[in-house]
Amino acid sequence: MKTNVFISGGGIGGLTLGLKLARCNIDVTVVERLPGPGSVYKGELLQPKSLEIFDSLGVIDDVFQNGHSISDLELIELKRAKSKAEHSTMSYSILPTPYPFSLMIHHETLKDILRQKGEEYPSFHYRANTVCKKINGHTVTVEDRETKAETEIHSDFIIGAEGRSSVTRDYMEVDVKEKKYNHHFLTVTFPRPMEMVKGRIISTYQSFLGLFPLPDNEVRSVYLIPAGEYKTLRKKPISEFHKLYIEMCPDLDGYVNQIEDWKKIQLMVPLKYHAETYVRDHFALIGDAVHTVHPMAGEGMNMAIQDGSILGELLCDMYKEGKLNPANLEWYPKVRKKRVAHQMHLSHLSALVYSYPYRPVGWLRNKSLQRMERDSISHYKQMLNISGLGMWRETLYDRMIQGGMLPIRHDSLTDEEKSTTTFTENQDYPWKGKEALQ
Ligand SMILES: Cc1cc2nc3c(=O)[nH]c(=O)nc-3n(C[C@H](O)[C@H](O)[C@H](O)COP(=O)(O)OP(=O)(O)OC[C@H]3O[C@@H](n4cnc5c(N)ncnc54)[C@H](O)[C@@H]3O)c2cc1C
């Protein structure tokens, strides 16, 4: 069997890339090991850049119909559980985009939307319950997990989109060095009060609860625990878990209690790695296969979408211009690597800021978040950087303002100034408009 581009892994990254290629009439085959919806929680928060990408892929209406938009993130610091809270708010509304908000959507619903749209194109082939077993040059051996029948697929390009454990990455002999953290998360979705519509991050100096509203009056939650504490916690009655949440957020009384069993609650072990190599010969890696990020800033799924979009545009141009030299794939890491490294750095910093259980750390975090909200440039930079729309690094000067050593800046950026901070078409697709492709 032949296809132009073979994608191993039908997660969000593989499906975004597959859809993009199908829209360019490129014959693309996506194989997915699972027979149907995955049973574990994964990323659900879409950042503005991902919404722009889904607009360009013709699925934005479906995404909106199935999602819950969040324009503000409320950061609430409790001195002690149940004591008076200090608030700050970070808002997407200041961003120069048609989509100045994030959006929560069930992971499997988003995958269905992308796959169904892909299936509208005759050049899109999706095979569920099929595992990519072996790679040899341009030939991949896949196995139907039900019949055990093996098929060889020959392709021009092979993309590894298998998530953390990647056959393609192994074949490319690309190593990743995992960094673990001193904490884990419990994560679970349950019914929410109707009026809980904003994202909330509630912290004390030693605990952290993130609440992200989903459609249909549900909320996805993440609760930080010290690494290794899960086993001890699980031995306690489930009411102990309810108590932890209600102490941090009394509004959840009557809602979190609807979780009847520890089985519903998933342990999430954060880790990070960033491979040196994204591309080798006619192979490329996207999403979690090439980088995994601490989930604190809600970037994992967005980074996979952004990889799929940039690599997809590049492959579309290569086929359009008939320039199929694999050396052209190097444009993809040229665009993505620095951006990924920056987002990983931001997520890592957020993880550090929230995970050290000492009062002075909590105090400093609260003060600097409040100053960050009030300092127009810091606020803008933070939201821009997490949105994926642009990259504007924080300087020592910004940090000194946030730390209270320099005065807060009140002047907002003009629309013109903001427009110079977002990625331009030339930065997203630097190979376009030149004789750059070989
Ligand atoms: C348990 C867990 C919880 C997470 N929670 C969050 C969160 O709360 N917030 C957040 O931002 N991010 C979270 N993430 C990260 C986020 O979900 C990922 O960054 C994102 O899903 C990456 O997309 P992907 O397409 O690269 O990989 P994946 O979503 O992992 O998709 C890879 C797909 O490839 C398939 N596959 C693997 N090997 C093969 C093979 N050999 N042949 C065929 N198919 C194969 C897998 O079945 C899977 O469907 C979580 C990740 C995990 C693992």
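Residues numbered from 1 in each chain as written. Predicted model: local features only at pLDDT ≥ 70, side-chain atom pairs only at ≥ 80, totals over all residues. Heavy atoms only, no water.

Looking only at helices and strands, the chain features 14 helices and 21 strands. Relative to its length of 438 residues, the chain is compact, with a C-alpha radius of gyration of 22 Å against a globular reference of 22 Å. The C-alpha extent of the chain, read off along each of the three principal axes, is 65 × 55 × 40 Å. With 438 residues in all, the chain has 56% of them scored as buried. Taking the intrachain contacts of the chain between residues at least 6 apart in sequence as the baseline, contacts between residues at least 24 apart amount to 73%. With an accessible surface of roughly 19400 Å², the chain has 50% of that area assigned to carbon and sulfur atoms. (Helix = DSSP H or I, 4+ residues; strand = E, 2+ residues; numbered from the N terminus. Rg over C-alpha atoms; globule rule 2.2 N^0.38 Å. Buried < 20%, exposed > 50% of the residue type's maximum accessible area, 1.4 Å probe, protein only. Contact = heavy atoms within 4.5 Å. Areas by Shrake-Rupley, 256 points an atom, 1.4 Å probe, with all protein chains shown as cover.)

Along the chain, asparagine 302 falls in helix α8 (residues 300-320). Of note is the side chain of asparagine 302, whose polar atom sits 2.8 Å from the backbone oxygen of leucine 45. For asparagine 302, the side chain forms a polar contact with the side chain of serine 50, separated by 2.6 Å. Not counting residues up to four positions away in its chain, the partners in contact with asparagine 302 are Leu45, Leu46, Gln47 and Ser50. (Polar contact = N/O pair within 3.5 Å; in protein donor to acceptor, adjacent residues only side chain to side chain.)

With that settled, the discussion passes to empty space enclosed by the protein. This model, assessed by the stated rule, comprises three cavities of 30 Å³ or more. The space that makes up the largest cavity amounts to roughly 70 Å³. Around the largest cavity sit Lys49, Ile53, Gln306, Ser309, Ile310, Arg336, Arg339, Gly388, Phe423, Asp428 and Tyr429, which together line it. If you list the elements that add at least two residues to the lining of the largest cavity, you get α2 (48-56), α8 and α9 (331-355). If you tally residues by element for the lining of the largest cavity, the top one is α8, at three residues. (1 Å grid on protein atoms, 1.4 Å probe; cavity = no way out; pocket = protein on both sides within 12 Å on 5 of 7 lines; lining within 4 Å. Points joined across faces, edges and corners; volume = space filled by probe spheres on them.)

This brings us to the state of the cysteines. What the rule picks out here adds up to one disulfide. The residue that forms a disulfide with cysteine 24 is cysteine 316, at a sulfur-sulfur distance of 2.1 Å. Taking the torsion about the sulfur-sulfur bond, which here is approximately 95°, the covalent link between cysteine 24 and cysteine 316 counts as right-handed. Pair noted here: cysteine 24 is in the loop between α1 (12-23) and β2 (28-31) and cysteine 316 is in helix α8, with a separation of 292 residues, a long-range link. Judged by its relative accessible area of 34%, cysteine 24 is partly exposed. (Disulfide = S-S within 2.5 Å.)

Summed over the entire model, instances satisfying the criterion amount to 26 salt bridges. A salt bridge links arginine 336 to aspartate 307; the shortest N-O distance between them is 2.6 Å. Here arginine 336 is found in helix α9, whereas its partner aspartate 307 is found in helix α8, with 29 residues between them in sequence. Judged on exposure class, the residue arginine 336 and its partner aspartate 307 are both buried. Among the charged side chains, a network of salt bridges with common partners joins Lys20, Glu313, Asp317, Lys320 and Lys432. (Salt bridge = Lys/Arg side-chain N within 4 Å of Asp/Glu carboxyl O.)

This part takes up α1. Here α1 contains 12 residues, and its C-alpha end-to-end distance of 17 Å stays within 8% of the 16 Å for a straight helix at 1.5 Å per residue. When you tally the buried positions in α1, you get 11 out of 12 residues, the bulk of the element. Every buried residue of α1 is listed here: Ile12, Gly13, Gly14, Leu15, Thr16, Leu17, Gly18, Leu19, Lys20, Leu21 and Ala22. Positive phi shows up at asparagine 25, right after α1, with a value of about 60°. (Expected span 1.5 Å × (residues − 1).)

The next subject is the domain arrangement of the chain. Here the chain is described as being made up of domain 1 (2-67 + 106-178 + 271-344) and domain 2 (183-226 + 228-268). Summarising the inter-unit geometry, the C-alpha centres of domain 1 and domain 2 are found 31 Å apart. Each partner contributes to the interface: domain 1 provides 10 residues, whereas domain 2 provides 13 residues. Between domain 1 and domain 2, a total of about 1000 Å² is buried, with carbon and sulfur atoms accounting for 61% of that surface. The interface formed by domain 1 and domain 2 includes one salt bridge. Joining domain 1 to domain 2, the criterion identifies six residue pairs in polar contact (both at pLDDT 80 or more). (Domains from an automatic or database assignment. Buried area = accessible area lost by both parts, 1.4 Å probe.)

Looking now at the side chain of threonine 189. With respect to the helices and strands, threonine 189 occurs in strand β13 (residues 183-191). For threonine 189, the residues in contact, after removing those within four places along its chain, are Tyr41, Glu44, His106, Leu214, Glu218, Val219 and Arg220.

This part takes up the site of the ligand. Within the structure, the ligand sits among 31 residues, and Gly13, Glu32, Lys42, Gly43 and Asp288 are positioned closest to it. The side chain of lysine 42 places a nitrogen or oxygen atom 2.8 Å from an oxygen atom of the ligand. At 3.3 Å, a backbone N or O of glycine 300 approaches an oxygen atom of the ligand. For the ligand, the protein covers 90% of the area, taking 990 Å² as the surface of the free molecule. The class makeup of the residues in the shell around the ligand is 11 nonpolar, 13 polar and seven charged. (Near = heavy atom within 4 Å. Nonpolar A, V, L, I, M, F, W, Y, C, P; charged D, E, K, R; others polar.)

The topology assignment puts methionine 248 in helix α7 (residues 238-248). Accessibility expressed as a relative area gives 5% for methionine 248, which makes it buried. Along the chain, methionine 248 and lysine 133 lie 115 residues apart, while their C-alpha atoms are 46 Å from each other. If near-sequence neighbours (up to four positions away) are discounted, methionine 248 is found in contact with Leu78, Ile202, Ser203, Thr204, Ser207, Phe208, Leu209 and Tyr223.

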